[in-house]
Amino acid sequence: MRRAFANALCAWACLGLAALPAAAEDEPFDGALIVLVGMGQCCAQDAWPEAENALSAELSTLNITVATVNGVATSEREQRLELERVVAERKAVCAVRIERIAPGEGGGVELWISDRLTGKTTIRRVPVEDSNDREFAEIVALRLVEALRAGLLEIEIGALGETSAKGKTVVSSPIVVAPRPQSATSPKPAQDEKKCAPAPEQERGEPHLGVGLGAEAAGSPGGIGAMGALDLVVGWHPIGRLSVALDLFSTVIATDLKKDGGRASVGFGALRGWISWNIRDKGVLRPSLGLGGGAALSWASGETSDAYAGATDYATVGYMGALLQLGLAFKNDVWLILGARAGALVPEVRVSFAGSDVASMGRPLVEGFLIVDVRFL
């Protein structure tokens, strides 16, 4: 791998030198192909001496001559001009600088490359961990060699990246820092190699449409007693705390009324709309309050007896009520909902045998329910 890097980089250097104007061919080089401008003297807080030393060692291993000088410029513009001046004075192929980026500014390091052939400076950002570990610096140095080679090739073909408002050319880099491959004979490092943390998995948003089916018990004072019912609910949850729903309710266990030799079965159903406000929109427990209204249909079917003739009658009335429920969001798409409704029928429903009142219903009407709600979309 190192031999391949050496061959590729040296080949580029030769091509670059061959492309220089004829007047420049006569100018002697001082022996260094690359000049490394250190930051320890001028900007200690931004310097990474371990990475500078490791980069110099890696380039030397690849038979690339490196000269190191101490930088003195502190501002961004002066540092760029300093690189361009150094590479011109030394007549090298390029001058480079390694600058550590503070974690608050994104972290990682920047490799500044000033190329004598074009006279321009590019900056390549390498996302790495903020570490002073020597072993990690050597790993980073390998990646910087790759970034250096890629940056020089991009300059040669004119791919200079986007120019920022400050006037410097920044070339983004997709380089991912990885541990150096260990050969079968090479010793392992004394401490564990550092790995970049994987990007957190993006949390999937909660579905907005829900369909629920449940059972409930309903009751009302006035002689009707308790009734068993099924409840089908379709809900829409446009934002985290607001919900609207439509429920279809119908009794499945009729109530039997008996009086003075007469007998009748009574049932009840309703179609209602609800708007609810979720007290909590995160976590497993999601309590909510709501108001609703709609239409209710009640029916009574009397049996023929010695005292009465059989007949069936229906009544449609209005409904108004309030809702208190607790959603158990064990999963985003499957909820268990426990709750209660308290409302009133307008007007109140009355059951009579031959004009004589037997029972009434709806002032108030109380329901308790348990619904399994499946959410999607």
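Figured I'd write up the structure that's included with this text. (Residues numbered from 1 in each chain as written. Predicted model: local features only at pLDDT ≥ 70, side-chain atom pairs only at ≥ 80, totals over all residues. Heavy atoms only, no water.)

Comments concerning the overall build of the protein
Under the convention used in this document: Helix numbers and strand numbers start at the N terminus; a helix is a DSSP run of H or I with at least 4 residues, a strand a run of E with at least 2. When checking whether two residues touch, look at their non-hydrogen atoms; a contact exists if any pair is within 4.5 Å.
Scanning the protein from N- to C-terminus turns up five helices and 18 strands. By sequence separation, contacts in the protein at least 24 residues apart represent 63% of the contacts at least 6 residues apart.

Looking at helix α3 (residues 49-61)
Rules: Expected helix span is computed as 1.5 Å times (number of residues minus one). Between buried and exposed lies partly exposed: a residue is buried under 20% and exposed over 50% of the maximum accessible area for its type, with that area taken using a 1.4 Å probe on protein chains only.
Between the first and last C-alpha of α3 there are 18 Å, a value that for 13 residues agrees with the 18 Å anticipated at 1.5 Å per step. Of the residues making up α3, those classed as buried are Ala51, Glu52, Ala54, Leu55, Ser56, Glu58 and Leu59. Asn63 occupies a position one or two residues after α3 and carries a positive phi of about 65 degrees.

Here we look at the pairing of strand β4 (residues 109-115)
This is how the line gets drawn: Two strands qualify as a pair provided DSSP detects at least 2 bridges between them.
Most of β4 is tucked away, with seven of its seven residues classed as buried. Bridge count between strand β3 (residues 94-100) and β4: seven bridges; the pairing is antiparallel. Across the sheet, residue Cys94 finds its bridge partner in β4, namely Asp115. Relative to strand β5 (residues 120-126), β4 runs antiparallel, the two being bridged by seven bridges. Directly across from Glu110, in β5, lies its bridge partner Arg125. What sits between β4 and β5 in their antiparallel hairpin is a turn of four residues, with Gly119 showing a positive phi close to 75 degrees.

Observations regarding the nonpolar core
For soluble globular proteins, the rule of thumb is that nonpolar side chains tend to be buried together. Test applied: The criterion is simple. A nonpolar core is a set of buried Ala, Val, Leu, Ile, Met, Phe, Trp, Tyr and Cys residues joined through side-chain atoms within 4.5 Å.
With 29 residues, the main nonpolar core has Ile224, Leu257, Phe268, Leu345, Val351 and Met361 as its most contacted residues. When residues of this core are traced back to their parent elements, those giving at least two are β9 (225-236), β12 (262-278), β13 (285-303), β14 (312-331), β15 (334-346), β16 (349-353), β17 (356-361) and β18 (365-376). Broken down by element, the residue count for this core peaks at five residues, all from β12. Setting aside residues no more than four positions away along its own chain, Ile224 makes contact with Thr255, Leu257, Val266, Val351, Ala359, Ser360 and Met361. Formed by 26 residues, the second largest nonpolar core is a distinct cluster that contains Ile64, Ile98, Leu144 and Leu148.

Some points on unusual backbone geometry
Leaving glycine aside, a negative phi is the common case for residues, and trans is the common case for peptide bonds. Here the bond from Val346 into Pro347 is cis, since omega is 0 degrees, no more than 30 degrees from zero. Looking at the secondary structure, you find Pro347 in the loop between β15 and β16. In this structure, the amide linkage connecting Arg363 to the following residue, Pro364, adopts the cis form with an omega of 0 degrees. Positionally, Pro364 belongs in the loop between β17 and β18. Of note in the backbone geometry, Lys91 takes a positive phi value of approximately 55 degrees without being a glycine. Along the chain, Lys91 turns up in the loop between α4 (76-90) and β3.

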